[in-house]
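# Residue-level structural notes
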Amino acid sequence: MKAVQHLPAGYREIYAIDMNQDKKILIFINVLAVLIAVVMVVPMNRLVPISSLFSMEAGLTNYWLRFLVLTGSLFAYTGLHELVHGITMKAFGTKRVKYGFTGMCAFAGSNDYYSKGSYITIALAPVVVFLLVFSALSFLVPREWFWVVYLLQVSNIAGASGDIFFTVKFSKMPEDILVRDRGVSMTVYSKREI
């Protein structure tokens, strides 16, 4: 379903969140991100020890290059994650996507209203795209570069903790919901009561 610019008749607000105001939900999402990261890092360390990231077998230049690439890639990934959200919003008919950074999180938002399915697709698109990209890359890089790619994957999954949380929350809501995601604040509308 294409995004709509105006709320249809009969819809009313059933849920609203502003993460700039609701610090409890922001803390919950960040704790969730840390838990996801731990669950991803600890078992993988048994398969490919993280000490391989610090290996100097390939030389000091390669050692420092890994950390420069990791740092630069983490910054680039954050922007690309939000860009994928924006591209998906545009695919659903949004004319104007707003991008920003609050100090705690980067965001892509819009004044449009999205159906439940559309919104879940928008929320999960970057996770799925980069899950595939980083999974493929992790098999292609040398062992000492594995953790550079895998830490990007951890950032992908853990960094999407808000997207995952709201996907689960909204999937339990009525089928007719419309979601307006302005970036750090979201409002859900429905014709039905919950």
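Before going into details, it helps to say that this report is about the structure given with it.

About the cut-offs
- Residues numbered from 1 in each chain as written.
- Predicted model: local features only at pLDDT ≥ 70, side-chain atom pairs only at ≥ 80, totals over all residues.
- Heavy atoms only, no water.
- Phe/Tyr/Trp six-rings, centres within 6.5 Å; stacked < 30°, edge-to-face > 60°.
- Helix = DSSP H or I, 4+ residues; strand = E, 2+ residues; numbered from the N terminus.
- Buried < 20%, exposed > 50% of the residue type's maximum accessible area, 1.4 Å probe, protein only.
- Pairing = 2+ DSSP bridges.
- Contact = heavy atoms within 4.5 Å.
- Axes fitted to C-alpha atoms, helices over the stretch in contact; angles between N-to-C directions.

## Observations regarding the packing of aromatic side chains
Per the stated rule, a full pass over the model turns up 14 aromatic pairs. Centre to centre, the rings of Tyr119 and Phe170 are 5.5 Å apart; their planes meet at 55 degrees, and the pair counts as tilted. Of this pair, Tyr119 sits in helix α3 (residues 116-140) while Phe170 sits in helix α5 (residues 161-171), and the two are 51 residues apart along the sequence. Residues Tyr119 and Phe170 agree in their burial class; the two are buried. Between the aromatic rings of Phe146 and Tyr150, the centroid separation amounts to 5.5 Å while the plane-to-plane angle is 15 degrees, which identifies the pairing as stacked. A residue pair is termed a helical-turn pair when its members lie 3 or 4 positions apart in one helix, as Phe146 and Tyr150 do in helix α4 (residues 143-159) at 4 residues. You can call Tyr150 buried: its relative accessible area is 11%. Grouped by ring-pair contacts, the aromatic residues Tyr15, Phe28, Tyr119, Phe165, Phe166 and Phe170 constitute a single cluster.

## Details of the sheet that holds strand β4 (residues 114-115)
Pairing is antiparallel across the open sheet formed by 4 strands, whose spatial order is β1-β6-β5-β4. Both edges of this open sheet fall to β1 (12-18) and β4, since each of them pairs with a single strand only. The pairing of β1 with strand β6 (residues 185-190) spans 6 bridges and is antiparallel. Residue Ile17 lies in a different strand from β6, and its bridge partner there is Met186. In the packing of α5 onto the sheet, contacts are made with β1, β5 (178-181) and β6, and the angle to β1 comes to roughly 160 degrees.

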